[in-house]
Amino acid sequence: MNETVTMDAARQKPHLPDAQTVTTVRHWTDRLFSFRVSRPATLRFRSGEFVMIGLLNDDGKPLLRAYSIASPSWDEELEFYSIKVPDGPLTSRLQHIQPGDEIILRPKPVGTLVLDALLPGKRLWFLATGTGIAPFASLMRDPEVYEKFDQVIMMHTCREVAELEYGRQLVEGLQDDPLIGEMVQGKLRYYPTTTRESFHHMGRVTDNLAAGKVFADLGLPKMNPEEDRAMVCGSLAFNVDVKAILEGFGLREGANSDPKEFVVEKAFVGDGI
């Protein structure tokens, strides 16, 4: 299932509050889809931040959820990556959007997964499960990431191989990107794993970090607070577990106002949305 729909040239006139127009929808699996929308002319954001998006509820009130912007800060459109929850208040409807439709987008970006929240370092680790890769899809396409770090490691875990496809295509496409293709060469390391279906790398992010398997596989030293920085985005349980492991390596959690060695996104859109 790999279906792409693009918008006709004509766009409908927005009538929703803070409306933006859907330009492209792509269904990756029966549980995952991505879509792009027009970008408000006044919107400025840092790669890795999120905004509130949604639709009008049956009662006419906005039904909004936090979604990381998956496109980089320089992109003319905004991209989002979402799960489909059959009985989810928002995604049960959002998964049926088509090019030309409108969504609500509150143009007030916030979030902790930004470079400003990290101290300078040598290696930057992106640690994600499922659609938690969305903010890193933004950051992996940002030139500043490669200007500030010698190596960037994208660890992404899903249940099945098909669920890795969004990230795989994005990473492979970066090699030929006219803006950052040369910067990515030799710097970006991609480490996808599965937990249910057989794959060349398997296991949870937490297990591969704690056991040291990822360091052995990639030929990298164990994480240390002098050289390594990390960003974390997944379920609440995932975030808690990864935080404990990072702290075990001596890394400290930071924030926009207090940069340290790692940051965690607490507004991740997970099950039940």
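In this report, the structure presented in the accompanying data block is examined. (Residues numbered from 1 in each chain as written. Predicted model: local features only at pLDDT ≥ 70, side-chain atom pairs only at ≥ 80, totals over all residues. Heavy atoms only, no water.)

Digging into helix α4 (residues 165-174)
Stage number 1. Every buried residue belonging to α4 is among Glu165, Tyr166, Gly167, Leu170, Val171 and Leu174, and all of these are buried.
Stage number 2. Buried residues along α4 sit against β3 (32-38), β6 (77-83), α2 (134-139), α3 (143-148), α5 (181-184) and β10 (188-194). (Buried < 20%, exposed > 50% of the residue type's maximum accessible area, 1.4 Å probe, protein only. Helix = DSSP H or I, 4+ residues; strand = E, 2+ residues; numbered from the N terminus. Contact = heavy atoms within 4.5 Å.)

Points about the layout of surface pockets
Stage number 1. For the second largest pocket, the calculated volume is near 270 Å³.
Stage number 2. Arg26, Trp28, Ser34, Glu79 and Tyr166 are, among the 13 residues lining the second largest pocket, the residues nearest its centre.
Stage number 3. Residue assignment for the lining of the second largest pocket shows that the elements contributing at least two residues are β2 (19-27), β3 and α4.
Stage number 4. Residue composition of the lining of the second largest pocket, grouped by class: five nonpolar, four polar and four charged. (1 Å grid on protein atoms, 1.4 Å probe; cavity = no way out; pocket = protein on both sides within 12 Å on 5 of 7 lines; lining within 4 Å. Points joined across faces, edges and corners; volume = space filled by probe spheres on them. Nonpolar A, V, L, I, M, F, W, Y, C, P; charged D, E, K, R; others polar.)

Things to note about the sheet that holds strand β11 (residues 228-233)
Picture the strands of a sheet paired through backbone hydrogen bonds; they go either parallel or antiparallel.
Stage number 1. With parallel pairing, the five strands of this open sheet are ordered in space as β10-β9-β8-β11-β12. Every other strand in the sheet has two partners, leaving β10 and β12 (262-264) as the edge strands with one partner each. Going from strand to strand, the sheet's axes swing by 10 degrees on average, the running direction of each strand aside.
Stage number 2. One ladder, built from six bridges, connects strand β8 (residues 123-129) with β11; its direction is parallel. Looking at β11, one finds that Trp125 is bridged to Ala230.
Stage number 3. Packed onto the sheet, helix α8 (residues 236-248) meets β8, β11 and β12 and runs at close to 170 degrees relative to β11. (Pairing = 2+ DSSP bridges. Axes fitted to C-alpha atoms, helices over the stretch in contact; angles between N-to-C directions.)

Some words on the packing of aromatic side chains
Stage number 1. Inspection of every chain in the model, using the stated rule, returns eight aromatic pairs.
Stage number 2. Plain terms: the ring middles of Trp28 and Tyr166 are 5.5 Å apart, the flat faces sit at 85 degrees to each other, and that makes the pair edge-to-face. A residue pair is termed long-range when its members are at least 10 positions apart, and Trp28 in the loop between β2 and β3 and Tyr166 in helix α4 qualify at 138 residues.
Stage number 3. Each ring, one from Tyr81 and one from Tyr166, has its centre 3.9 Å from the other, and the planes form 10 degrees; the classification is stacked. Linking Tyr81 in strand β6 with Tyr166 in helix α4, this pair joins segments that are 85 residues apart in sequence. Each member of the pair, Tyr81 as well as Tyr166, carries the same accessibility label: buried.
Stage number 4. Taken together, the aromatic side chains of Phe33, Phe35, Tyr67 and Phe80 make up a single cluster linked through ring pairs.
Stage number 5. Lying over the aromatic face of Trp28, Arg26 brings its terminal NZ or CZ to 4.0 Å of the ring centre. (Phe/Tyr/Trp six-rings, centres within 6.5 Å; stacked < 30°, edge-to-face > 60°. Lys NZ or Arg CZ within 6 Å of the ring centre and 35° of its normal.)

Details of the state of the cysteines
Each disulfide consists of a covalent bond between the sulfur atoms of two cysteine residues.
Stage number 1. For the structure shown, the criterion picks out zero disulfides.
Stage number 2. No disulfide involves Cys158; its sulfur sits 12 Å from that of Cys233, the nearest cysteine.
Stage number 3. The exposure class assigned to Cys158 is buried, which follows from its relative accessible area of 5%. (Disulfide = S-S within 2.5 Å.)

Quick word on α8
Stage number 1. Across its 13 residues, α8 extends 19 Å between first and last C-alpha, which sits within 8% of the 18 Å expected from 1.5 Å per residue.
Stage number 2. On its buried face, α8 sits against β8, α6 (205-210), β11 and β12.
Stage number 3. A positive backbone phi angle near 95 degrees is found at Gly250, which sits one or two residues after α8. (Expected span 1.5 Å × (residues − 1).)

Quick word on the pairing of strand β5 (residues 62-68)
In the case of a regular strand, side chains alternate between the two sheet surfaces.
Stage number 1. For β5, the tally of buried residues reaches five of seven residues, placing the bulk of the element in the interior.
Stage number 2. The sheet contact formed by strand β4 (residues 50-56) and β5 spans seven bridges and is antiparallel. What sits directly across from Gly54, in β5, is Leu64.
Stage number 3. Counting the residues that bridge the hairpin from β4 to β5 gives five residues, and of these Gly60 lies at a positive phi of roughly 85 degrees.

Some details on the nonpolar core
Stage number 1. Ranked by size, the top nonpolar core spans 35 residues in total, and within it Phe126, Phe136, Met140, Tyr146 and Met231 carry the most contacts.
Stage number 2. Mapped onto this core, the elements with two or more residues apiece are β6, β8, α2, α3, β9 (151-158), α4 and β11.
Stage number 3. Core analysis: the next-biggest nonpolar cluster, separate from the first, contains 22 residues, Met155, Val214, Val242 and Val264 among them. (Core = buried A, V, L, I, M, F, W, Y, C linked by side-chain atoms within 4.5 Å.)

Let's talk about the pattern of salt bridges
Stage number 1. The full count for this structure, using the stated rule, is 19 salt bridges.
Stage number 2. A salt bridge links Arg123 to Glu227, with the nearest nitrogen and oxygen atoms 2.8 Å apart. Of this pair, Arg123 sits in strand β8 while Glu227 sits in the loop between α7 (213-218) and β11; the two residues are 104 residues apart in sequence, bridging distant segments of the chain.
Stage number 3. Judged by its relative accessible area of 26%, Glu227 is partly exposed.
Stage number 4. Linking Glu163 and Arg159 is a salt bridge whose minimum nitrogen-to-oxygen distance equals 3.3 Å.
Stage number 5. Connected through salt bridges with shared partners, the residues Arg36, Asp75, Glu77, Glu79 and Arg141 form a single ionic network. (Salt bridge = Lys/Arg side-chain N within 4 Å of Asp/Glu carboxyl O.)

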